[in-house]
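Architecture and fold: a report
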Amino acid sequence: MNQPVSRSTWTNRWAFILVTIGSAVGLGNIWKFSYLVGAKGGSAFVLVYLCCVALIGLPLLMAEILIGRRGRGNPVAAMLNTAEETGNSSWWALLGWVGMLGALVILSYYSVVAGWIADYLYQAAIGVRVETAAAAAQAFADLERDPLRMGFWHTVFLALSVGVTARGVVAGIEVANKIMMPSLFLILVLLTVWGAVAGDMPAALHFMYDFKIKALTPGVVLSAMGQAFFSLSLGMGAIMTYGSYLDKEARIGYVSLWVAVAGSLVGLLSGMAIFSLTFGYGLDPSVGPELILQALPLAFAHMPGGQLVAVLFFVFVLFAAWTSAISLLEPFVSWLTERYGIHRAKAAWGTGVPVWLLGLAVCMSFSRWSDFTMFGRNLFDALDQCATNVMMPLSGLAIAIYVGWMMGRAPVRDEMKLGVRAFPLWFNVLRYVVPVGIVLVFFHVLGLLDWLK
Ligand code: PHE
């Protein structure tokens, strides 16, 4: 067996639930979720997103944790170990590779976006205010045109993430999550209450939950499915690696349920806070990716105590991004330490360097290198599209096929420890619903379903 020398384990089950929620809840749930809800017509998107989390995300989350825990190793080792145990080809290890490398690609631009948030936090802290919509748009354009400023914050954010990973599984990752995640929930509740007081909560609720069947187009269904993927950190080896540190007795179904529920809840609550402010201040919810960076500073500038709320908000987003970034680094770092016995700190900083360089190129892609395009997209867009719309669905599909069809029922049932009724339900959803759903997303991305619109 390709067994690593020694494995850390989380101090307890709650620690695992916390760090996995930390990985799931990130820029995806706050920045991406809110602008997609805004751009895709609100409630229809929310409802479909929740269905996708339940029908595709949750079963896949369970399958990915299962591989990690059964294989007891970094993504490559976990795939090799389980393939050997269940008589499958060692080629399945490719799945581990795709995940590990995909995670680093995501991290390179994820860190740049997190850098924007850090920059906005700094601006808020020193009291910069934007009074008009034009000024807010200008502020964002200024940042985009300044690769040095962007590169600086990207460097700071990445160094912070590498620093935590370098300290180890328990001393670094677990401790950081134990501090950041509860603070994050506290800030979120405060913000939602603030949204209700200062903003227009009824309008936000109406927009997010008043289901209108007409808004339900195939395009909305499919992009909501993609979002479920990204927001649950699926297919990138992160969940697999975290699962490999999970103790043998923990019930995978139970812990996964916690993660899926908490992840969705954060998305919904931050959406409510963000849209209350957006509507309360008469802003347009459908502006696109710049929603939280343009609309919110404007709302903050016009509310009493706005500076404090702004600082709290950006700290909240930054914490969420930080705990996700750590989980994007961990698969490759654990592979380096286990495969080559490299010291963890060296492995972490060594992994950080290529990610940092790619991130610097991403910073340039908004200004000086904007002429350099792939398939008509700048580097930032191309990396995001490739990782989230190609690598993630394909790797999720492979996981569903591997656990659902290749590993065999007995080892899967043994590892999953579900009840007599729950097991077949989960297993069949994984075998049929998940692959069909992912194939639909994939065709959508390739534009093959455009005629459906
Ligand atoms: N789920 C994270 C977010 O929503 C992003 C992520 C993707 C993290 C894949 C790890 C792996 O921001």
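Structure's up top.
Residues numbered from 1 in each chain as written. Predicted model: local features only at pLDDT ≥ 70, side-chain atom pairs only at ≥ 80, totals over all residues. Heavy atoms only, no water.

With that settled, consider the overall build of the chain. Counting its regular elements, the chain contains 18 helices and zero strands. Relative to the compact-globule value of 22 Å for 453 residues, the chain shows a C-alpha radius of gyration of 21 Å, a close match. Burial statistics for the chain: of 453 residues in total, 59% are counted as buried. Contacts in the chain between residues at least 24 apart in sequence constitute 83% of all its contacts with a sequence separation of at least 6. Accessible surface, the chain: about 17,600 Å² in total, of which carbon and sulfur atoms supply 69%. Charge separation in the chain, taken as the distance between the mean sites of 27 positive and 23 negative side-chain charges, equals 8 Å. (Helix = DSSP H or I, 4+ residues; strand = E, 2+ residues; numbered from the N terminus. Rg over C-alpha atoms; globule rule 2.2 N^0.38 Å. Buried < 20%, exposed > 50% of the residue type's maximum accessible area, 1.4 Å probe, protein only. Contact = heavy atoms within 4.5 Å. Areas by Shrake-Rupley, 256 points an atom, 1.4 Å probe, with all protein chains shown as cover. Lys, Arg positive; Asp, Glu negative; His and termini not counted. Charge placed at Lys NZ, Arg CZ, Asp CG, Glu CD.)

All right, on to the site of the ligand then. Taken together, 15 residues sit near the ligand, with Ala24, Gly28, Tyr110, Phe230 and Ser233 positioned nearest. In this structure, an oxygen atom belonging to the ligand sits 3.0 Å away from a main-chain N or O atom of Leu27. In isolation the ligand has 330 Å² of accessible area, and contact with the protein removes 100% of it. With respect to the detected pockets, the ligand is housed in the largest cavity. Breaking the shell around the ligand down by element, the ones donating at least two residues are α1 (13-24), α2 (27-39), α10 (218-231) and α14 (306-340). A per-class count over the shell around the ligand returns seven nonpolar, eight polar and no charged. (Near = heavy atom within 4 Å. Polar contact = N/O pair within 3.5 Å; in protein donor to acceptor, adjacent residues only side chain to side chain. 1 Å grid on protein atoms, 1.4 Å probe; cavity = no way out; pocket = protein on both sides within 12 Å on 5 of 7 lines; lining within 4 Å. Sits in = over half its atoms within 2 Å of the grid points. Nonpolar A, V, L, I, M, F, W, Y, C, P; charged D, E, K, R; others polar.)

Applying the stated criterion to the full structure yields 30 aromatic pairs. A centroid spacing of 4.8 Å and a plane angle of 70 degrees characterise the contact between Trp97 and Trp335, whose relative ring orientation is edge-to-face. Separated by 238 residues along the polypeptide, Trp97 in helix α5 (residues 93-125) and Trp335 in helix α14 bring together distant segments of the chain. On the basis of relative accessible area, Trp97 is assigned to the partly exposed category, the value being 30%. (Phe/Tyr/Trp six-rings, centres within 6.5 Å; stacked < 30°, edge-to-face > 60°.)

All right, on to the layout of surface pockets then. Looking at the second largest pocket, its volume works out to about 340 Å³. Forming the boundary of the second largest pocket are 21 residues, of which Gln123, Val128, Arg129, Val130 and Pro297 lie nearest the centre. The dominant element in the lining of the second largest pocket, judged by the number of residues it contributes, is helix α13 (residues 291-301), at five residues. Considering only residue class, the lining of the second largest pocket consists of 12 nonpolar, five polar and four charged. (Points joined across faces, edges and corners; volume = space filled by probe spheres on them.)

Bringing the packing of α5 against helix α16 (residues 379-406) into the picture now. Contact geometry for α5 and α16: axes closest at 10 Å, N-to-C directions at 145 degrees. Read as a crossing pair, α5 and α16 show a hand that is left-handed. Each of Leu95, Val98, Gly102, Val105, Ile106, Ser108, Tyr109, Val113 and Trp116 in α5 lies in contact with α16, whose residues at this interface are Phe380, Leu383, Asp384, Ala387, Thr388, Met391, Met392, Ser395, Ala398 and Ile399. (Axes fitted to C-alpha atoms, helices over the stretch in contact; angles between N-to-C directions. Left-handed = near helix turned anticlockwise from the far one by under 90°.)

This part covers the nonpolar core. By size, the foremost hydrophobic cluster in this structure holds 162 residues, and its most contacted members are Trp116, Phe313, Phe316, Val403 and Trp426. Looking at this core element by element, the count peaks at 19 residues for α5. Ignoring anything within four residues of it in the chain, the contact list for Trp426 reads Pro59, Met62, Ala63, Leu66, Val403, Val412, Met416 and Leu418. (Core = buried A, V, L, I, M, F, W, Y, C linked by side-chain atoms within 4.5 Å.)

A covalent bond bridging the sulfur atoms of two cysteines is what the word disulfide describes. Scanning the entire structure with this criterion turns up zero disulfides. Here Cys52 is not cross-linked by a disulfide; its sulfur's nearest cysteine counterpart is in Cys51, at 6.7 Å. (Disulfide = S-S within 2.5 Å.)

Interhelical geometry of helix α3 (residues 43-71) versus α10 gives an angle of 50 degrees and a closest axis separation of 8 Å. The pairing of α3 with α10 is recorded here as oblique in orientation. As α3 packs across α10, the resulting crossing turns out to be right-handed. Together, Ala44, Phe45, Val48, Tyr49, Cys52, Val53, Ile56 and Leu60 of α3 and Val220, Val221, Ser223, Ala224, Met225, Gln227, Ala228, Phe229 and Ser231 of α10 make up the contact between the two elements. Considered class by class, the residues forming the contact of α3 with α10 number 14 nonpolar, three polar and no charged. (Parallel < 35°, antiparallel > 145°, perpendicular 65-115°, else oblique.)

End to end, helix α6 (residues 133-144) covers 17 Å across 12 residues, agreeing with the expected 16 Å (1.5 Å per residue, within 8%). Buried residues of α6: Ala136, Phe140, Ala141 and Leu143, and no others. Along α6, the residues classed as buried sweep out an arc of 160 degrees about the axis, all on the same side. As for α6, its buried residues are in contact with α5, α7 (147-166) and α13. (Expected span 1.5 Å × (residues − 1). Arc of directions from axis to C-beta.)

Attention now goes to empty space enclosed by the protein. Following the criterion strictly, the structure yields four cavities of 30 Å³ or more and no others. Each pocket or cavity is described by its volume, and for the largest cavity that value is around 140 Å³. Every residue lining the largest cavity is counted, 15 residues in all, and those nearest its centre are Ser23, Tyr110, Phe230, Ser233 and Leu328. Sorting elements by how many residues they give to the lining of the largest cavity places α14 first, with three residues. Of the residues assigned to the lining of the largest cavity, the class counts are eight nonpolar, seven polar and no charged. Approximately 40 Å³ is the volume attributed to the second largest cavity. Lining the second largest cavity, in full, are Leu27, Trp31, Lys32, Tyr109, Tyr110, Val113, Phe230 and Asp384.

Within this structure, the stated rule accounts for 12 salt bridges. Asp384 is the partner of Lys32 in a salt bridge, and the nearest nitrogen-oxygen pair spans 3.8 Å. Taken together, the residues span a long stretch of sequence, with Lys32 in helix α2 and Asp384 in helix α16 at a distance of 352 residues. Considered together, Lys32 and Asp384 belong to a single accessibility category, that of buried residues. Close ionic contact of Glu415 with Arg69 constitutes a salt bridge, the shortest N to O distance being 2.7 Å. (Salt bridge = Lys/Arg side-chain N within 4 Å of Asp/Glu carboxyl O.)

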